[in-house]
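# Structural overview for review
So you can see what is in the structure, the chains are spelled out below.
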Amino acid sequence: MQKIKKTLLIALLLAPFLGISQAKKPIEGFLGLKFGSNKAVILAAMKAKGAVLDKTNSDADNLFFSNTKLGQRLADIFIVKFVNNKAFEAYYIFKPEAEGKILLEYNALVADMTRVYGDGKGTYKYTSPYKEG
């Protein structure tokens with residue numbers, strides 16, 4: 001009985017440390033770049049990563065890039081939004097290889113992001129003829 005109490009006590013004492021060691025990574029930026037970086041920093045870093053600036057669609061507050069990856073996934077379009085010359089938002093837009101794989105690819109991406117950053121809140125918008133379920 002004494003041995004069980006000691007084992008239980010050790011397990012209870014370790015529980016908070018296990019919870020802390022599994023904390024998820026905070027979202028402080030994208031592709032190794034910090035939110036708040038200026039356009040010059042973003043442009044230089046994206047060029048170094050092999051991204052191509054889409055000058056036609058880019059403007060004073062938005063930079064559009066092609067040839068950008070999130071992990072192993074190639075984004076169709078990557079957008080960085082700025083306020084007062086500081087990056088505050090980044091969007092990855094993916095085009096699935098086949099329409100029938102959209103949901104599989106989406107779920108795989110969500111699972112990858114959850115492993116790194118923890119659970120998020122999904123937002124869904126369906127357009128006709130599609131609906132939830």
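Remember, predicted model here, so these are calculated numbers, not experimental data. (Residues numbered from 1 in each chain as written. Predicted model: local features only at pLDDT ≥ 70, side-chain atom pairs only at ≥ 80, totals over all residues. Heavy atoms only, no water.)

### Digging into the pattern of salt bridges
Short version of the rule: Any carboxyl oxygen of Asp or Glu within 4 Å of a side-chain nitrogen of Lys or Arg constitutes a salt bridge here.
Across all of its chains, the model carries one salt bridge by this definition. Between Lys34 and Glu28 there is a salt bridge, and its shortest N-O distance comes to 3.1 Å.

### Focus: the nonpolar core
Note the cut-off: What we call a nonpolar core is a set of buried Ala, Val, Leu, Ile, Met, Phe, Trp, Tyr and Cys residues that are connected through their side-chain atoms within 4.5 Å. Only protein chains enter the accessibility calculation, which uses a 1.4 Å probe; a residue is then buried when its area is under 20% of its type maximum, exposed when over 50%, and partly exposed in between. Where helices and strands are cited, they refer to DSSP runs of H or I of at least four residues and of E of at least two residues respectively, numbered from the N terminus. The contact criterion used throughout is that any non-hydrogen atoms of two residues lie within 4.5 Å.
Membership of the largest hydrophobic core is limited to 12 residues, which are Phe30, Leu33, Ile42, Ala45, Met46, Ala51, Leu63, Phe65, Phe78, Val80, Phe82 and Ala87. Elements with a minimum of two residues in this core: helix H2 (39-48), strand S4 (62-66) and strand S7 (77-83). In contact with Leu33, not counting residues within four places along its chain, are Glu28, Ile42, Ala45 and Met46.

### Comments concerning a nonpolar patch on the surface
Applied cut-off: The patches reported here contain residues having more than 30% relative accessible area and no salt bridge. Joining distances are 9 Å for like charges and 5 Å for nonpolar side chains (Val, Leu, Ile, Met, Phe, Trp, Tyr). Computed with the Shrake-Rupley method and a 1.4 Å probe, the accessible areas treat only the protein chains shown as cover for residues.
Among the surface-exposed residues, Leu103, Tyr106, Val110, Tyr124, Tyr126 and Tyr130 lie close enough to one another that they form a single nonpolar patch of about 660 Å² accessible area. Positionally, Tyr106 belongs in helix H3 (residues 102-117).

### Quick look at the packing of aromatic side chains
Using the following cut-off: The rule is short: rings of Phe, Tyr and Trp, with Trp giving its six-membered ring, pair when the centres are within 6.5 Å, and they are stacked under 30 degrees, edge-to-face over 60, tilted in between.
Tallied over the entire structure, the rule returns three aromatic pairs. Taking the centre distance of 6.3 Å and the plane angle of 40° together, the rings of Phe65 and Phe78 count as tilted. Here the residue Phe65 occupies a position in strand S4, and Phe78 occupies one in strand S7, the gap between them amounting to 13 residues. Judged by centre distance (6.2 Å) and plane angle (10°), the rings of Tyr92 and Phe94 are stacked.

### Details of the pairing of strand S8 (residues 86-93)
Heads up, the rule is: Two strands qualify as a pair provided DSSP detects at least 2 bridges between them.
As paired elements, S7 and S8 share seven bridges and run antiparallel to each other. Bridged to Ile79 within S8 is Tyr91. The antiparallel pairing of S7 with S8 creates a hairpin that spans two residues between the two strands, and Asn84 there sits at a positive phi of about 50°.

### A word on the side chain of Thr68
For the record, the criterion: Two N or O atoms count as a polar contact when they lie within 3.5 Å, although within protein this holds only if one can serve as hydrogen donor and the other as acceptor, and sequence-adjacent residues are included solely when both atoms are side-chain atoms.
Within the element layout of this structure, Thr68 appears in strand S5 (residues 68-70). Side-chain polar atoms of Thr68 contact the backbone oxygen of Ser66, separated by 3.4 Å.

### Things to note about the confidence of the model for the chain
For clarity, the threshold we go by: A residue's pLDDT is the confidence the predictor assigns to it, expressed on a 0 to 100 scale.
Here the chain averages 77 in pLDDT, and 80% of its residues register 70 or above. Between the elements of the chain, mean pLDDT differs from a low of 40, seen in helix H1 (residues 2-21), to a high of 96, seen in strand S3 (residues 52-53). Within the model, pLDDT remains below 50 along residues 1-22, and this stretch shows zero contacts once partners closer than five positions in the same chain are excluded.

### Digging into H2
To be explicit about the condition: Summarising the geometry, the arc corresponds to the directions from the helix axis toward the C-beta atoms.
Taken residue by residue, H2 has Ile42, Ala45 and Met46 as its buried positions. Along the axis of H2, the buried residues cluster in a sector spanning 95°; they form a single face. The outward face of H2, more than 90 degrees from its buried face, is lined by the exposed residues Ala40, Lys47 and Ala48. Looking at the buried positions of H2, the neighbouring elements they touch are strand S1 (29-30), strand S2 (33-34), S4, S5, S7 and S8. Among the residues of H2, the N-terminal cap falls to Asn38, whose side-chain oxygen and the backbone nitrogen of Ala40 are separated by 3.1 Å.

### Thoughts on the environment of Leu109
Structurally, the position occupied by Leu109 is in helix H3. Remark: the alpha-carbon pair of Leu109 and Leu70, spanning 39 residues in sequence, is separated by 9.5 Å. Apart from residues no more than four positions distant in its own chain, Leu109 is found in contact with Leu70, Arg73 and Phe94.

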